[in-house]
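Below, each chain spelled out in residue letters.
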Amino acid sequence: MIGAGGLGCPAALYLAAAGVGRLTLADGDTVDLTNLQRQILYRTDSVGAVKVEAARASLNSVNPDVVVVPLQERLEDFSQLVEQADVVLDCSDNFATRHALNRACVKHRKPLVSGAAIRLEAQLMVFDLRNPAAACYACLFPEDAQVEEVQCSTMGVLAPLTGMVGSAQALETLKIIIGIGASAPSRIQNIDAKSSEWRSARVPRDPACGVCSTTLTK
Ligand SMILES: [Zn+2]
(Lines give C-alpha, C1' and ligand atoms only; values in the text may rest on other atoms or scores of the structure.)
Protein backbone atom coordinates (compact mmCIF):
# COMPACT_ATOMS: atom_id res chain seq x y z
CA MET A 1 0.00 0.00 0.00
CA ILE A 2 1.38 3.33 -1.09
CA GLY A 3 0.11 6.18 1.05
CA ALA A 4 -1.04 6.03 4.66
CA GLY A 5 -3.36 9.03 4.45
CA GLY A 6 -7.06 9.53 3.93
CA LEU A 7 -7.47 6.50 1.68
CA GLY A 8 -4.73 4.34 3.15
CA CYS A 9 -5.95 4.59 6.75
CA PRO A 10 -9.41 3.06 6.25
CA ALA A 11 -8.10 0.59 3.67
CA ALA A 12 -5.34 -0.63 5.99
CA LEU A 13 -7.70 -0.82 8.96
CA TYR A 14 -10.11 -3.13 7.14
CA LEU A 15 -7.32 -5.24 5.66
CA ALA A 16 -5.59 -5.67 9.02
CA ALA A 17 -8.87 -6.41 10.76
CA ALA A 18 -9.64 -8.98 8.06
CA GLY A 19 -6.34 -10.67 8.82
CA VAL A 20 -4.28 -10.20 5.70
CA GLY A 21 -0.95 -11.81 6.47
CA ARG A 22 1.45 -9.09 5.56
CA LEU A 23 0.82 -5.44 4.84
CA THR A 24 3.60 -3.20 3.55
CA LEU A 25 2.87 0.50 4.08
CA ALA A 26 4.93 3.19 2.37
CA ASP A 27 4.58 6.86 3.26
CA GLY A 28 7.22 9.46 3.97
CA ASP A 29 5.07 11.87 5.99
CA THR A 30 4.47 12.61 9.63
CA VAL A 31 1.03 13.04 11.18
CA ASP A 32 -0.37 16.58 11.14
CA LEU A 33 -3.28 17.86 13.19
CA THR A 34 -5.10 18.83 9.97
CA ASN A 35 -5.03 15.16 8.86
CA LEU A 36 -7.09 13.79 11.69
CA GLN A 37 -10.62 14.21 10.27
CA ARG A 38 -9.82 11.71 7.51
CA GLN A 39 -6.74 9.75 8.57
CA ILE A 40 -8.52 7.59 11.06
CA LEU A 41 -5.58 5.48 12.21
CA TYR A 42 -4.15 8.49 14.04
CA ARG A 43 -5.06 10.24 17.25
CA THR A 44 -4.25 13.65 18.69
CA ASP A 45 -1.24 12.17 20.45
CA SER A 46 0.04 10.84 17.09
CA VAL A 47 0.63 14.38 15.81
CA GLY A 48 4.26 14.71 14.78
CA ALA A 49 4.80 10.95 14.66
CA VAL A 50 6.00 9.10 11.57
CA LYS A 51 2.80 8.02 9.84
CA VAL A 52 3.76 4.46 9.00
CA GLU A 53 4.97 3.83 12.56
CA ALA A 54 1.80 5.26 14.10
CA ALA A 55 -0.19 3.25 11.57
CA ARG A 56 1.59 0.04 12.48
CA ALA A 57 0.88 0.52 16.18
CA SER A 58 -2.75 1.25 15.48
CA LEU A 59 -3.18 -1.70 13.09
CA ASN A 60 -1.44 -4.12 15.43
CA SER A 61 -3.68 -3.03 18.29
CA VAL A 62 -6.60 -4.20 16.15
CA ASN A 63 -4.87 -7.37 14.98
CA PRO A 64 -1.46 -8.27 16.45
CA ASP A 65 -1.08 -11.20 14.04
CA VAL A 66 -0.79 -9.02 10.94
CA VAL A 67 2.78 -8.31 9.92
CA VAL A 68 2.91 -4.60 9.13
CA VAL A 69 6.04 -3.51 7.28
CA PRO A 70 6.50 0.27 7.58
CA LEU A 71 8.52 2.08 4.92
CA GLN A 72 9.07 5.68 5.83
CA GLU A 73 10.00 6.96 2.42
CA ARG A 74 8.52 8.58 -0.62
CA LEU A 75 9.48 5.98 -3.20
CA GLU A 76 10.09 6.64 -6.86
CA ASP A 77 10.85 3.11 -8.01
CA PHE A 78 8.28 0.53 -6.97
CA SER A 79 9.47 -2.44 -8.99
CA GLN A 80 10.99 -4.50 -6.18
CA LEU A 81 8.17 -3.78 -3.75
CA VAL A 82 5.45 -4.56 -6.28
CA GLU A 83 7.12 -7.79 -7.32
CA GLN A 84 6.74 -9.13 -3.77
CA ALA A 85 3.07 -8.15 -3.43
CA ASP A 86 -0.10 -10.06 -4.22
CA VAL A 87 -2.15 -6.89 -4.62
CA VAL A 88 -1.07 -3.25 -4.83
CA LEU A 89 -3.13 -0.41 -3.39
CA ASP A 90 -2.56 3.08 -4.69
CA CYS A 91 -3.61 5.41 -1.89
CA SER A 92 -1.26 8.19 -2.97
CA ASP A 93 -2.07 11.79 -3.75
CA ASN A 94 -0.01 12.63 -6.83
CA PHE A 95 0.25 11.60 -10.46
CA ALA A 96 4.00 10.91 -10.45
CA THR A 97 3.53 8.20 -7.83
CA ARG A 98 0.39 6.85 -9.53
CA HIS A 99 2.17 6.46 -12.85
CA ALA A 100 5.34 4.95 -11.38
CA LEU A 101 3.25 2.46 -9.43
CA ASN A 102 1.19 1.61 -12.51
CA ARG A 103 4.34 0.92 -14.50
CA ALA A 104 5.57 -1.49 -11.85
CA CYS A 105 2.19 -3.26 -11.73
CA VAL A 106 2.13 -3.62 -15.52
CA LYS A 107 5.68 -4.93 -15.48
CA HIS A 108 5.00 -7.57 -12.84
CA ARG A 109 1.33 -8.14 -13.81
CA LYS A 110 -0.01 -7.36 -10.36
CA PRO A 111 -3.56 -6.23 -9.64
CA LEU A 112 -3.72 -2.51 -8.89
CA VAL A 113 -6.51 -1.09 -6.75
CA SER A 114 -6.41 2.65 -7.05
CA GLY A 115 -8.36 5.32 -5.19
CA ALA A 116 -8.64 9.08 -5.44
CA ALA A 117 -10.75 11.65 -3.65
CA ILE A 118 -10.87 15.41 -3.71
CA ARG A 119 -13.51 17.88 -2.55
CA LEU A 120 -16.77 15.97 -3.20
CA GLU A 121 -15.55 13.76 -6.03
CA ALA A 122 -13.88 10.39 -5.90
CA GLN A 123 -12.78 7.50 -8.05
CA LEU A 124 -12.22 3.86 -7.37
CA MET A 125 -10.33 1.95 -10.04
CA VAL A 126 -9.38 -1.70 -10.31
CA PHE A 127 -6.87 -2.81 -12.92
CA ASP A 128 -6.47 -6.57 -12.75
CA LEU A 129 -3.23 -6.70 -14.66
CA ARG A 130 -2.94 -10.47 -14.19
CA ASN A 131 -5.36 -10.50 -17.13
CA PRO A 132 -3.60 -9.55 -20.40
CA ALA A 133 -6.83 -7.93 -21.60
CA ALA A 134 -6.87 -5.50 -18.67
CA ALA A 135 -6.43 -1.78 -19.19
CA CYS A 136 -3.86 -0.05 -17.02
CA TYR A 137 -3.99 3.30 -15.23
CA ALA A 138 -2.22 4.97 -18.15
CA CYS A 139 -4.86 3.71 -20.61
CA LEU A 140 -7.25 5.92 -18.64
CA PHE A 141 -4.88 8.75 -17.74
CA PRO A 142 -2.00 8.86 -20.24
CA GLU A 143 1.35 9.75 -18.71
CA ASP A 144 1.85 12.70 -21.03
CA ALA A 145 -1.61 14.21 -20.43
CA GLN A 146 -1.72 17.73 -19.12
CA VAL A 147 -3.38 17.41 -15.75
CA GLU A 148 -3.89 19.85 -12.98
CA GLU A 149 -2.46 18.37 -9.81
CA VAL A 150 -4.86 18.94 -6.94
CA GLN A 151 -4.37 17.44 -3.52
CA CYS A 152 -6.47 17.10 -0.42
CA SER A 153 -3.80 18.89 1.56
CA THR A 154 -4.46 22.06 -0.44
CA MET A 155 -7.97 21.61 -1.88
CA GLY A 156 -9.65 19.72 0.92
CA VAL A 157 -11.97 16.76 0.81
CA LEU A 158 -15.07 15.90 2.76
CA ALA A 159 -13.54 13.28 5.02
CA PRO A 160 -16.15 10.48 4.89
CA LEU A 161 -15.62 10.34 1.14
CA THR A 162 -12.03 9.17 1.64
CA GLY A 163 -13.46 6.64 4.10
CA MET A 164 -15.86 5.33 1.46
CA VAL A 165 -13.16 4.98 -1.17
CA GLY A 166 -10.55 3.52 1.17
CA SER A 167 -13.08 0.96 2.43
CA ALA A 168 -14.02 0.11 -1.14
CA GLN A 169 -10.33 -0.37 -1.95
CA ALA A 170 -10.08 -2.83 0.94
CA LEU A 171 -13.19 -4.62 -0.34
CA GLU A 172 -11.80 -4.97 -3.86
CA THR A 173 -8.45 -6.11 -2.46
CA LEU A 174 -10.05 -8.82 -0.34
CA LYS A 175 -12.06 -10.00 -3.35
CA ILE A 176 -8.82 -10.33 -5.32
CA ILE A 177 -7.02 -12.15 -2.50
CA ILE A 178 -9.92 -14.54 -1.90
CA GLY A 179 -10.67 -14.92 -5.60
CA ILE A 180 -14.37 -14.06 -5.49
CA GLY A 181 -16.55 -11.80 -7.57
CA ALA A 182 -16.71 -11.28 -11.27
CA SER A 183 -15.97 -7.96 -12.81
CA ALA A 184 -14.42 -6.51 -15.92
CA PRO A 185 -10.62 -6.79 -15.73
CA SER A 186 -10.47 -2.99 -15.50
CA ARG A 187 -13.23 -0.89 -14.07
CA ILE A 188 -13.70 2.64 -12.77
CA GLN A 189 -16.33 3.83 -10.34
CA ASN A 190 -16.96 7.54 -10.18
CA ILE A 191 -18.54 8.89 -7.04
CA ASP A 192 -20.17 12.29 -7.14
CA ALA A 193 -20.88 12.88 -3.47
CA LYS A 194 -22.60 16.19 -4.11
CA SER A 195 -25.39 14.59 -6.15
CA SER A 196 -25.01 11.21 -4.40
CA GLU A 197 -24.41 9.46 -7.70
CA TRP A 198 -22.16 6.46 -8.10
CA ARG A 199 -21.41 5.37 -11.66
CA SER A 200 -19.43 2.40 -12.83
CA ALA A 201 -17.84 1.76 -16.21
CA ARG A 202 -15.49 -0.71 -17.81
CA VAL A 203 -12.15 0.70 -18.85
CA PRO A 204 -11.15 -0.52 -22.32
CA ARG A 205 -7.51 -1.17 -23.00
CA ASP A 206 -5.90 1.50 -25.15
CA PRO A 207 -3.95 -0.32 -27.88
CA ALA A 208 -1.77 2.77 -28.17
CA CYS A 209 -1.08 3.02 -24.43
CA GLY A 210 2.53 3.98 -23.86
CA VAL A 211 2.80 1.71 -20.83
CA CYS A 212 0.87 -1.57 -21.15
CA SER A 213 0.81 -1.96 -24.91
CA THR A 214 4.59 -1.87 -25.10
CA THR A 215 5.30 -3.92 -21.97
CA LEU A 216 2.70 -6.65 -22.32
CA THR A 217 3.21 -7.45 -25.96
CA LYS A 218 6.95 -7.93 -25.61
ZN1 LIG B 1 -2.28 0.95 -20.51
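I will try to describe carefully the structure that is included in this document.

Each value, and the rule that gives it
- Residues numbered from 1 in each chain as written.
- Predicted model: local features only at pLDDT ≥ 70, side-chain atom pairs only at ≥ 80, totals over all residues.
- Heavy atoms only, no water.
- Helix = DSSP H or I, 4+ residues; strand = E, 2+ residues; numbered from the N terminus.
- Rg over C-alpha atoms; globule rule 2.2 N^0.38 Å.
- Buried < 20%, exposed > 50% of the residue type's maximum accessible area, 1.4 Å probe, protein only.
- Contact = heavy atoms within 4.5 Å.
- Lys, Arg positive; Asp, Glu negative; His and termini not counted.
- Charge placed at Lys NZ, Arg CZ, Asp CG, Glu CD.
- Core = buried A, V, L, I, M, F, W, Y, C linked by side-chain atoms within 4.5 Å.
- Patch = residues over 30% accessible without salt bridge, like charges linked within 9 Å, V, L, I, M, F, W, Y side chains within 5 Å.
- Areas by Shrake-Rupley, 256 points an atom, 1.4 Å probe, with all protein chains shown as cover.
- Salt bridge = Lys/Arg side-chain N within 4 Å of Asp/Glu carboxyl O.
- Donors = N, O, S within 2.8 Å, 3.2 Å for Na, K, Ca; no water.
- Tetrahedral: all angles 85-135°; square planar, octahedral: opposite > 155°, others 65-115°.
- Pairing = 2+ DSSP bridges.
- Polar contact = N/O pair within 3.5 Å; in protein donor to acceptor, adjacent residues only side chain to side chain.
- Axes fitted to C-alpha atoms, helices over the stretch in contact; angles between N-to-C directions.
- Parallel < 35°, antiparallel > 145°, perpendicular 65-115°, else oblique.
- Left-handed = near helix turned anticlockwise from the far one by under 90°.

Now for the overall build of the chain. When you go through the chain residue by residue, the secondary structure sums to 8 helices and 7 strands. Its C-alpha atoms give the chain a radius of gyration of 16 Å, within 12% of the compact-globule value 17 Å for 218 residues. Each of the three principal axes of the chain carries a C-alpha extent, and together these read 50 × 40 × 30 Å. Going through the 218 residues of the chain one by one, you find that 47% of them count as buried. Expressed as a percentage of contacts within the chain between residues at least 6 apart in sequence, the contacts between residues at least 24 apart total 64%. Across the chain, the centroid of the 20 positively charged side chains sits 6 Å from that of the 23 negatively charged ones.

Turning our attention to the nonpolar core. For soluble globular proteins, the rule of thumb is that nonpolar side chains tend to be buried together. Core analysis: the largest hydrophobic core is formed by 35 residues, its most contacted members being Met1, Leu23, Leu25, Tyr42 and Leu59. Counting only elements with at least two residues in this core, the list comes to helix H1 (8–18), strand S1 (22–26), helix H2 (51–62), strand S4 (112–118), strand S5 (121–127) and helix H7 (159–178). If you look at the next biggest cluster of nonpolar residues, it comprises 27 residues, including Val82, Ala104, Cys105 and Ala134.

On to a nonpolar patch on the surface. Residues Ile177, Ile178 and Ile180 make up a contiguous nonpolar surface patch of roughly 300 Å² in combined accessible area. Position of Ile177 relative to the elements: it lies in helix H7.

The subject of this paragraph is H1. Residues of H1 that are buried: Gly8, Cys9, Pro10, Ala11, Ala12, Leu15 and Ala16. On the buried face of H1, the contacting elements are S1, H2, strand S3 (88–90) and H7. Where H1 terminates, the next one or two residues include Gly19, which has phi positive at roughly 90 degrees.

This paragraph deals with the coordination of the zinc ion. For the zinc ion, every protein donor is listed as Cys136 (SG), Cys139 (SG), Cys209 (SG) and Cys212 (SG), and the spread of their distances is 2.3 Å. Coordination at the zinc ion is tetrahedral, judged from the 4 donor atoms that bind it and the angles of 94 to 123 degrees they form at the metal. Every donor residue of the zinc ion comes from the same chain, spaced as C-x2-C-x69-C-x2-C. Highlighted residues: Cys139 in helix H5 (residues 137–140) and Cys212 in helix H8 (residues 212–216), separated in sequence by 73 residues. Residue Cys139 is classed as buried on the basis of its relative accessible area of 12%. Judged by its relative accessible area of 0%, Cys212 is buried.

Attention now moves to the pairing of strand S7 (residues 197–202). Where strand S6 (residues 186–192) lies against S7, 6 bridges are found, and the strand directions are antiparallel. Each bridged residue has a counterpart across the sheet, and for Gln189 the counterpart in S7 is Ser200. In this structure, the hairpin formed by S6 and S7 is closed by a connection of 4 residues, where Ser196 is found at a positive phi of approximately 60 degrees.

The next thing to look at is the pattern of salt bridges. In this structure the tally under the stated criterion is 5 salt bridges. Among the salt bridges present, the one from Arg56 reaches Glu53, with a minimum N-O distance of 2.9 Å. Highlighted residues: Arg56 and Glu53, both in helix H2, separated by 3 residues, approximately one helical turn. Between Glu143 and Arg103 there is a salt bridge; the shortest N-O distance is 2.8 Å.

This paragraph deals with the side chain of Thr173. Considering the arrangement of structural elements, one finds Thr173 in helix H7. The buried category is assigned to Thr173, whose relative accessible area is 2%. Within polar-contact distance, the side chain of Thr173 engages the backbone oxygen of Gln169 at 2.7 Å.

At a closest axis distance of 7 Å, the pairing of H1 and H7 adopts a crossing angle of 40 degrees. Judged by the angle between their axes, H1 and H7 are oblique. In this structure, H1 crosses over H7, and the sense of that crossing is right-handed. For the pair H1 and H7, contact is made by Pro10, Ala11, Tyr14, Leu15 and Ala18 and by Thr162, Gly163, Gly166, Ser167, Ala170, Thr173 and Leu174, respectively.

In short, the description is geometric, and any link to function would need to be established separately.
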